[in-house]
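Residue strings, one per chain:
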Amino acid sequence: MDGSGGSRVGGGDGGDGSVGVQIRPSRRLPDFLQSVNLKYVKLGYHYLISNLLTLCLFPLAVVISVEASQMNPDDLKQLWIHLQYNLVSIIICSAILVFGLTVYVMTRPRPVYLVDFSCYLPPDHLKAPYSRFMEHSRLTGDFDDSALEFQRKILERSGLGEHTYVPEAMHYVPPRISMAAAREEAEQVMFGALDNLFANTNVNPKDIGILVVNCSLFNPTPSLSAMIVNKYKLRGNIRSFNLGGMGCSAGVIAVDLAKDMLLVHRNTYAVVVSTENITQNWYFGNKKSMLIPNCLFRVGGSAVLLSNKSRDKRRSKYRIVHVVRTHRGADDKAFRCVYQEQDDTGRTGVSLSKDLMAIAGETLKTNITTLGPLVLPISEQILFFMSLVVKKLFNGKVKPYIPDFKLAFEHFCIHAGGRAVIDELEKNLQLLPVHVEASRMTLHRFGNTSSSSIWYELAYIEAKGRMRRGNRVWQIAFGSGFKCNSAIWEALRNVKPSNNSPWEDCIEKYPVPLSY
């Protein structure tokens, strides 16, 4: 042994032809072993805290069982006599208990079930591969060389694949943009999703009592909800709503509205239709912040059937657990980070601010601060609370603890707004690649379909056969305003994909490797 505590193998300078190798004892475990040990320590802590009540009550139950087993008939007779002398107290306690249970049963929110949902699959002739997209952009003559090069770079780094769709009007040169073309796009998407939904659920459209439609940028008169009422001849007393201008998070808002209506109106169905219209909202200018939506947004839409009928529980896929909504419209930067406006030449488009990701991160932080106590196990809540206390005591020098949401949810449907959005949430929430797989593959296959993207992602999870009874799903959506909205669902059974799923013809090809 040498003075440093190491050992030598072989000779010194090689006088005998050997090579000297000095081996020093390791002073710490390899990084991967440390991470494994930390993982198991945290897992053990989680199970301990989660089952703490059981561990505390178990000895008490054992003691009571032992005492009960030692009672003889005389002891039971004495107990009965004691109860007879306190009959009034027993009756009063029983009455209070029955009254309390009755109030609880009568006032608790009735469950709202998701019977089924459907996502629109456009026809193949609407596909827009990179080459066709760039060629049509060049042939329109509206974009200068710098704008064309910018769009090319955005497309290459966007995470979109070669099989996304743009509306019929955009396949012509020049594009045939008109109110009629925009209506045609809306009808194809909404009616396509609804036809499939009604076929899969065998629900008569006249049984629908509530209809909520959301589309941000296309709001004709009569409204989109009125178009659906007219198409399917829905009943005259239907409660219909048309949400506009609320961005990509409007799908969760629409679900929340439908849920609240179902809590008020008994024994009925609600349909939520989420879509976006591209035909009249393509930007034909050269302002780069307004060109990004051209590269990301694609045709898509979804239709969701909700029910408050107890008999529908058996055939329903999910039960809604929580909806948490966060709105930062009071902040000027947040309000203008996604903003429809005209450029210097008078051309209308949607501008995305360079502060968008930072604002999205802050809005998400506010949203999960509200959501955390509702969904996280007590073990994570204790760690989070302790980190806040330590941070307060040490004047912010300690980083706040990031709760492990993987302990609360098995599946994540992150709005496929773009690669940067998914990357940021994967990093900040410390998710694994499998947790963001549905979001990345939806972005690759269908692009950013706005508020309906979270339903394409849920359809992907179902098509992969990953949804098991009791699994919880977190749908996260961001939208203009600026908003971050979360919807939590619990699977009521092992969920299989519905007929005519948008992934039906290609799920075996996914996941695909992505290169940016």
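In this text the structure is predicted, and so the values were computed from the model without any measurement.

## Regarding the overall build of the protein
Working step 1: Helix and strand content of the protein: 16 helices and 13 strands.
Working step 2: Classification of the 516 residues of the protein by burial places 44% in the buried group.
Working step 3: When contacts within the protein are restricted to residue pairs at least 6 apart in sequence, long-range pairs at least 24 apart make up 78% of them.
Working step 4: Of the roughly 27100 Å² of accessible surface on the protein, 58% is carried by carbon and sulfur atoms.

## Side note on the nonpolar core
Working step 1: Ranked by internal contacts, the top residues of the largest apolar core, which has 90 residues, are I228, L306, Y318, W455 and W489.
Working step 2: In this view, L306 contacts V112, Y113, L114, V255, A258, L262, T268, Y269, A270, V272 and W489; residues no more than four positions away in its chain are not counted.

## Quick word on the side chain of S274
Working step 1: Position of S274 among the secondary structure elements: in strand β6 (residues 269-275).
Working step 2: If we ignore the near neighbours within four places in the chain, the residues touching S274 are N214, G251, G301, S302, S451 and S452.

## Overview of the pattern of salt bridges
Working step 1: With the rule as written, the count across this model stands at 20 salt bridges.
Working step 2: As a salt-bridge pair, E156 and R152 come within 2.5 Å of each other at their nearest N and O atoms. Taken together, the residues E156 and R152, both in helix α6 (residues 145-158) and four residues apart, mark about one turn of the helix.
Working step 3: E156 gets classed as partly exposed once you look at its relative accessible area, which sits at 41%.
Working step 4: Across the salt bridge formed by R440 and E426, the nearest N and O atoms sit 2.6 Å from each other. Pair noted here: R440 is in helix α15 (residues 437-446) and E426 is in helix α14 (residues 419-428), with a separation of 14 residues, a long-range link. One exposure class covers both R440 and E426, and it is buried.
Working step 5: Each of D256, K259, D260 and R325 takes part in salt bridges that share partners, so that together they form one network.

## A word on the packing of helix α7 (residues 179-201) against helix α8 (residues 224-232)
When two helices pack together, their arrangement is given by the angle between the helix axes and by the axis-to-axis distance.
Working step 1: In the contact formed by α7 and α8, the axes pass within 11 Å of each other and the chain directions differ by 55°. In this view, α7 runs oblique relative to α8, as classed from their interaxial angle. Crossing geometry of α7 relative to α8 is assigned as right-handed. Contacts from R183, A186, E187, M190, F191, L194, D195 and F198 of α7 reach α8 at L224, M227, I228, K231 and Y232.
Working step 2: In terms of residue class, the contact of α7 with α8 is made up of nine nonpolar, no polar and four charged.

## What to know about the confidence of the model for the protein
Working step 1: With 87% of its residues at a pLDDT of 70 or more, the protein shows a mean pLDDT of 87.
Working step 2: Within the model, pLDDT remains below 50 along residues 1-40, and this stretch shows 27 contacts once partners closer than five positions in the same chain are excluded.

What counts as what
Residues numbered from 1 in each chain as written. Predicted model: local features only at pLDDT ≥ 70, side-chain atom pairs only at ≥ 80, totals over all residues. Heavy atoms only, no water. Helix = DSSP H or I, 4+ residues; strand = E, 2+ residues; numbered from the N terminus. Buried < 20%, exposed > 50% of the residue type's maximum accessible area, 1.4 Å probe, protein only. Contact = heavy atoms within 4.5 Å. Areas by Shrake-Rupley, 256 points an atom, 1.4 Å probe, with all protein chains shown as cover. Core = buried A, V, L, I, M, F, W, Y, C linked by side-chain atoms within 4.5 Å. Salt bridge = Lys/Arg side-chain N within 4 Å of Asp/Glu carboxyl O. Axes fitted to C-alpha atoms, helices over the stretch in contact; angles between N-to-C directions. Parallel < 35°, antiparallel > 145°, perpendicular 65-115°, else oblique. Left-handed = near helix turned anticlockwise from the far one by under 90°. Nonpolar A, V, L, I, M, F, W, Y, C, P; charged D, E, K, R; others polar. pLDDT = per-residue confidence, 0-100.

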